[in-house]
Amino acid sequence: MNDTRARVLAALADGSRSGPALADELGISRAAVWKHVEALREAGFEIESDGEGYVLASVPEYGGPAVEFGLDAPYNIEYHESIDSTNSRARELAKEGAENVVVLADEQTGSRGRLNRDWQAPAGGVWMSLVLRPELPTSHAPLLTLAAAVAVTKVAREAGVEAVIKWPNDVLVSTAEGEKKLCGILTEMAGEADRVSWVVVGIGINANLDADQIPETATSLQIEGGEVNRRIVVQRVLEEFTELAADTEAILPAWREYALTLGQYVRVETPNGDVLGEAVDVEFPGTLVLKTDDGTVRISAGECEHLRPVQSR
Ligand code: BT5
């Protein structure tokens with residue numbers, strides 16, 4: 001949203017203002033005030049005019065301007081009702097030089113998981129991709145994936161859903177029917193070894209979706225805790241993620257606190273074969289440490305399967 005429009009909106013949210021008072025306050029013409037008010041109405045903000053002046057009566061349920069309104073993180077939101085993949089669009093923007101843009105969609109028709117797996121993304125979920133240009137060496141980029149998992153877990157808990165993290169980046173809920181996936185994260189990047197050029201962090205959260213809209217192995221915030229306000233979910237995830245990304249020292253401790261993987265016997269499929277062992281820690285920048293029969297093994301990437309908690313051996 002353009003800066004002046006955001007200021008008009010913030011002023012109207014603060015209380016009733018007459019057109020002239022608003023023009024004075026923001027140092028713009030009355031005609032400009034009128035133009036911004038009309039544009040905000042078109043974007044779905046209900047702005048009532050009583051005898052005294054204008055006042056904000058309601059915020060649209062979802063969409064770009066709705067998420068930008070009151071967002072305490074430095075992103076412009078590019079919203080699509082339907083798009084093939086928010087990650088594909090975010091990559092395009094990244095290659096054009098964009099920064100701090102979030103591509104957000106109600107529905108995706110061709111979204112991807114890791115290794116080009118299909119990702120189901122019907123209307124009602126939270127599907128978003130952040131375009132970032134962090135000052136990080138490429139090898140540290142996995143930290144951002146961990147930060148995204150922590151942010152989503154925290155926000156799911158705020159919504160009353162006991163989410164946990166499976167290494168490296170699945171957010172799950174332990175249900176009576178076993179572990180079910182609530183959120184998947186797909187990070188893509190380009191750069192030289194010493195410096196990332198851009199990173200796209202794609203986050204897919206099953207928000208207001210029913211069981212018949214997602215795979216059997218999945219669950220949603222709605223199923224586990226009831227319908228959520230997606231605008232707030234997006235805002236809170238972006239705010240938590242941004243705070244963690246600015247303080248990379250805080251990411252691993254927070255990840256450990258939410259991790260279901262630590263303390264489990266696991267099987268990790270790696271390019272060099274399967275590794276079985278007890279997951280004992282995660283180390284900078286996201287390496288899983290396993291205690292195996294052949295000693296300690298460190299794994300930087302792979303598919304992890306939880307076998308059972310260590311205590312129940
Ligand atoms: C992931 O892959 O978990 C990463 C998913 C990233 C999706 C986001 S949405 C916004 C952005 N735009 C994109 O195009 N992608 C990102 P992976 O670990 O490979 O898991 C994929 C597997 O999860 C599939 O093979 C299915 O078994 C399962 N799956 C598919 N759709 C799901 C859903 N909605 N919820 C839970 N599991 C799902």
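Just so you know, these numbers come straight off a predicted model, no measurement behind them.

Quick notes on the rules
Sequence order as written defines the numbering, with residues in each chain counted from 1. This being a predicted model, a pLDDT of at least 70 is required before a residue's local features are given, and a value of 80 or more before pairs of side-chain atoms are given or counted; all residues contribute to the totals for chains, interfaces and linings. As a convention, hydrogens and water are excluded, and side-chain values are obtained from all of the structure's heavy atoms. As annotated, the domain borders come from an automatic or database domain assignment. Here a residue is considered near a molecule or strand provided that any single heavy atom belonging to it is located within 4 Å of it. In the analysis that follows, any N or O atom pair within 3.5 Å is treated as a polar contact, provided that within protein one partner can donate a hydrogen and the other can accept it, and provided that, for residues neighboring in sequence, both atoms belong to side chains. Under the convention used here, a 1.4 Å probe and the Shrake-Rupley method define accessible areas, while residue burial counts only the protein chains that appear. For helices the rule is a DSSP run of H or I covering at least 4 residues; for strands it is a run of E covering at least 2, with both sets numbered from the N terminus onward. Burial classes: relative accessible area under 20% of the type maximum marks a residue as buried, over 50% as exposed, and values in between as partly exposed (1.4 Å probe, protein chains only). For two strands to be treated as a pair, DSSP must find at least two bridges joining them. Here an angle of 0 to 180 degrees is reported between the N-to-C directions of two axes, which are lines fitted to C-alpha atoms, with helices fitted over the stretch in contact. To form a nonpolar core, buried Ala, Val, Leu, Ile, Met, Phe, Trp, Tyr and Cys residues must be joined to one another through side-chain atoms within 4.5 Å. Residue contacts follow a heavy-atom distance rule, with two residues in contact if any of their heavy atoms lie within 4.5 Å. Classification of ring pairs rests on two measures: the distance between centres of Phe, Tyr or Trp rings, Trp counted by its six-membered ring, which must be within 6.5 Å, and the angle between planes, read as stacked under 30 degrees, edge-to-face over 60 and tilted in between. A carboxyl oxygen of Asp or Glu within 4 Å of a side-chain nitrogen of Lys or Arg is what we treat as a salt bridge.

(A) Just the domain arrangement of the chain, in detail. In terms of domain boundaries, the chain breaks down into domain 1 (3-58), domain 2 (64-258) and domain 3 (264-312). Its C-alpha centre places domain 1 at a distance of 33 Å from the equivalent point of domain 2.

(B) Examining the site of the ligand more closely. Neighbouring residues of the ligand: 26 residues in total, closest S85, R112, R117, K181 and N206. Here R114 contributes a backbone N or O atom positioned 2.9 Å from an oxygen atom of the ligand. Between an oxygen atom of the ligand and a side-chain N or O atom of R117, the distance comes to 2.4 Å. For the ligand, whose accessible area on its own is 790 Å², the fraction buried by protein is 90%. Sorting elements by how many residues they give to the shell around the ligand places strand 8 (residues 178-192) first, with four residues.

(C) Here's a closer look at the pairing of strand 6 (residues 163-166). Residue alternation in strand 6 divides its side chains into two sets, A163 and I165 and V164 and K166, and both sets are buried. Two successive antiparallel strands, strand 6 and strand 7 (residues 170-175), enclose a turn made up of three residues.

(D) Representation of the sheet that holds strand 12 (residues 287-292). The strand order across the open sheet built from five strands is 13-12-11-10-14, with neighbouring strands paired in antiparallel fashion. The sheet is open, and its two borders are formed by strand 13 (295-299) and strand 14 (303-309), each paired with just one other strand. Each strand axis lies, on average, 40° off the axis of its neighbour in the sheet, ignoring direction. Where strand 10 (residues 264-270) lies against strand 11 (residues 273-283), six bridges are found, and the strand directions are antiparallel. Residue Y265 lies in a different strand from strand 11, and its bridge partner there is E278.

(E) Quick look at the nonpolar core. Membership of the largest hydrophobic core comes to 62 residues, with the highest contact counts inside it found for Y75, M128, L130, V201, I203, L238 and F241. Tallying contributions element by element places helix 6 (residues 142-158) first for this core, with 11 residues. A domain-level breakdown of this core finds at least three residues from each of domain 2 (64-258) and domain 3 (264-312). Setting aside its immediate chain neighbours within four residues, L238 contacts L71, A73, Y75, I77, V102, M128 and L130. Membership of the second largest hydrophobic core comes to 15 residues, among which are A23, L40, L56 and F69.

(F) Quick look at the packing of aromatic side chains. Taken as a whole and judged by the stated rule, the model has three aromatic pairs. Judged by centre distance (5.7 Å) and plane angle (80°), the ring pair of Y62 and Y79 falls under edge-to-face. Pair noted here: Y62 is in the loop between strand 2 (54-58) and helix 4 (64-68) and Y79 is in strand 3 (residues 76-83), with a separation of 17 residues, a long-range link. Of the residues examined, Y62 reaches a relative accessible area of 13% and is grouped as buried. Relative accessible area serves as the criterion here: at 27%, Y79 is assigned to the partly exposed category.

(G) Quick peek at the sheet that holds strand 9 (residues 195-205). Pairing in this open sheet of seven strands is mixed, and the strands run 3-4-5-9-8-7-6 from one edge to the other. On the outer flanks of this sheet lie strand 3 and strand 6, each paired with one strand and no other. Between one strand and the next, the sheet's axes are offset by a mean angle of 20°, whatever the strand orientation. For strand 7 and strand 8, the ladder comprises five bridges, and the chain directions are antiparallel. Across the sheet, the residue bridging to V173 is K180, located in strand 8.

(H) The arrangement of the pairing of strand 7 in detail. The pairing of strand 6 with strand 7 spans four bridges and is classified as antiparallel. From the neighbouring strand, V164 faces strand 7, where its bridge partner is L172.

(I) Region of the structure containing the pattern of salt bridges. Enumeration according to the criterion identifies 21 salt bridges in this entry. Salt-bridge contacts for R230 lead to D106; the nearest nitrogen and oxygen are separated by 2.8 Å. Taken together, the positions of R230 in helix 8 (residues 230-245) and D106 in strand 4 (residues 101-108) put the pair 124 residues apart, joining distant regions of the chain. Residue class for R230 comes out buried when judged on its relative accessible area of 13%. The class for D106 is buried, based on a relative accessible area of 16%. One salt bridge in this structure joins R256 and D281, with 2.8 Å as the shortest N-O distance. With R256 in helix 9 (residues 251-258) and D281 in strand 11, the pair connects residues that are 25 residues apart, well separated along the chain.

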